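Here are the chains, one letter per residue:
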Amino acid sequence: MSRFYSFAVITLLLILGFLTYQIIKPFLTPIAWAIVFSIVFYPVYVFILKYARWKSVAALVTLAIILVVILGPFSYFTYLLVIELKDLSGYLEADKIEELESLMHHPAIKTVTDSVLSVFDLTEEELNQTIVDNISKLGKEMVGRITKGASNLVIVSLDFLFMVFSIFFFLRDGPEFLGKTRNYMPFSEIQKDRLVKQIRDIVISTIYGGVAVSIIQGTIAGIAFFFLGISTPVVWGLATSIASFVPLLGAAAIWVPATGYLFLTGAVLKGFILAIIGLFGISLVDNILKPIIIGGRTKMPILVIFFSVLGGIKLLGLIGLIMGPLVIALFISVIEIFRSVEGGQNA
């Protein structure tokens, strides 16, 4: 009887869990963004709550600050991004590949391209056209995704409203909800404290560490590209922010090739300036700021971070940069707790 009861309860939980997921699935993206914004701005909410008597008032004021800080700059940034992607795609589509051809003939690259041509049995024209076609295709696809989402005004507006609605309640009722969740966990108090600490460390490492560093690096890179006269600085600034989440390479995956390109095209002074900014500006932020924020907190292996970032982007889009490592880290934490419980029982 007890086995049948356990089987029935587990089956019922699985069915209800699956149905709950299907119900929440259409709203996962706005909820994920709401979670991130709530975590980032929660210290602001706590500060305002010291001077406001009601949680709802503090949550509304914090929400207004989020909208002012995020909505205006983000809308303008998206507008610039779409324009620059269209310009980049149109430039390449117009068969303007003279700069690419001159770059391919540079002595430092000529040896490599000759090897590639011989291995794949391609002509130089075919290789140039293949590179241009793929870059143009990537630019068109990015433009298509952005403009498609922006053109569907109804869905975008609803997602935005759901996100704003969720942020308010996450800020106001978040601690109570987390407290109830803690009570439902089938662990001892010591294990609950350990899990809460790991979650706090992961949130600080992933969101405060990763997001803050990526925004600062992308901003510095975008400004540097703009003043150096490099086309589409917003695109390259965004690419730098995204690359900062990639283990080992980081933001250097963008500014180092850009520096090499400037040197190879004869813009030696600009290349030297970008190299200085890259070394002592963009990359230095990662080397100094991130250790200060993360400190001795819980860290994941580099390989796990790498695949969690890629998988998160594929599953959730841009928000997957943050949610991917966060979900994997929580999963690892729970597994470690179960392992310690099992080890204690076997002892």
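What you see is a predicted model, and the numbers here were worked out from it, not measured in a lab.

The rules we used
Residues numbered from 1 in each chain as written. Predicted model: local features only at pLDDT ≥ 70, side-chain atom pairs only at ≥ 80, totals over all residues. Heavy atoms only, no water. Helix = DSSP H or I, 4+ residues; strand = E, 2+ residues; numbered from the N terminus. Buried < 20%, exposed > 50% of the residue type's maximum accessible area, 1.4 Å probe, protein only. Contact = heavy atoms within 4.5 Å. Areas by Shrake-Rupley, 256 points an atom, 1.4 Å probe, with all protein chains shown as cover. Core = buried A, V, L, I, M, F, W, Y, C linked by side-chain atoms within 4.5 Å. Phe/Tyr/Trp six-rings, centres within 6.5 Å; stacked < 30°, edge-to-face > 60°. Patch = residues over 30% accessible without salt bridge, like charges linked within 9 Å, V, L, I, M, F, W, Y side chains within 5 Å. Salt bridge = Lys/Arg side-chain N within 4 Å of Asp/Glu carboxyl O. pLDDT = per-residue confidence, 0-100.

Along the chain, the regular secondary structure elements total 13 helices and zero strands. Ordered by position in the sequence, the α and β elements of the chain form the string α-α-α-α-α-α-α-α-α-α-α-α-α. Buried residues in the chain amount to 32% of all 347 residues. Sequence separation of at least 24 residues holds for 69% of the intrachain contacts in the chain that already meet a minimum separation of 6. Looking at the chain as shown, the accessible area adds up to about 21500 Å², and 73% of this sits on carbon and sulfur atoms.

The next point concerns the side chain of S38. Take S38: it is sitting in helix α2 (residues 28–51). By relative accessible area, which is 7% here, S38 ends up buried.

What follows concerns helix α9 (residues 233–243). Of all 11 residues in α9, eight are buried; the element is thus mostly enclosed. Taken as a whole, α9 has its buried residues at P233, V234, V235, G237, L238, T240, S241 and A243.

Here T62 lies in helix α3 (residues 55–93). For T62, the residues in contact, after removing those within four places along its chain, are F41, V44, Y45, I48 and L171.

Inside soluble globular proteins, nonpolar side chains tend to come together where they are buried. One finds M163 and I167 to be the most contacted residues of the largest nonpolar core, which totals 15 residues. In contact with M163, not counting residues within four places along its chain, are P30, W33, A34 and F37.

Aromatic ring pairs are reported here in terms of the distance separating the ring centres and the angle at which the planes meet. A full pass over the atoms with the stated rule returns seven aromatic pairs. Ring pairing ties together the aromatic residues F165, F168 and F169, which thus form one cluster.

It is worth spelling out a nonpolar patch on the surface at this point. A surface patch of nonpolar side chains, amounting to about 1100 Å² of accessible area, comprises F263, V268, L269, F272, I273, I276, L279, F280, L284, I288 and I292. Take the nonpolar patch: its biggest share by element is 10 residues, from helix α11 (residues 268–294). For L279, the position within the fold is in helix α11.

Right, let's talk about the pattern of salt bridges for a bit. Enumeration over the complete set of coordinates arrives at two salt bridges. Between E176 and K55 there is a salt bridge, with the nearest N and O atoms lying 2.4 Å from each other. Note that E176 is positioned in helix α7 (residues 153–184) and K55 in helix α3, a separation of 121 residues in sequence. Residue class for K55 comes out partly exposed when judged on its relative accessible area of 37%. D173 is paired through a salt bridge with R172; the nearest N and O atoms lie 3.0 Å apart.

Averaged over every residue, the pLDDT of the chain is 75; the share at 70 or more is 70%. Element-level pLDDT for the chain is lowest in helix α4 (residues 98–104), with a mean of 57, against a maximum mean of 86 in α2.

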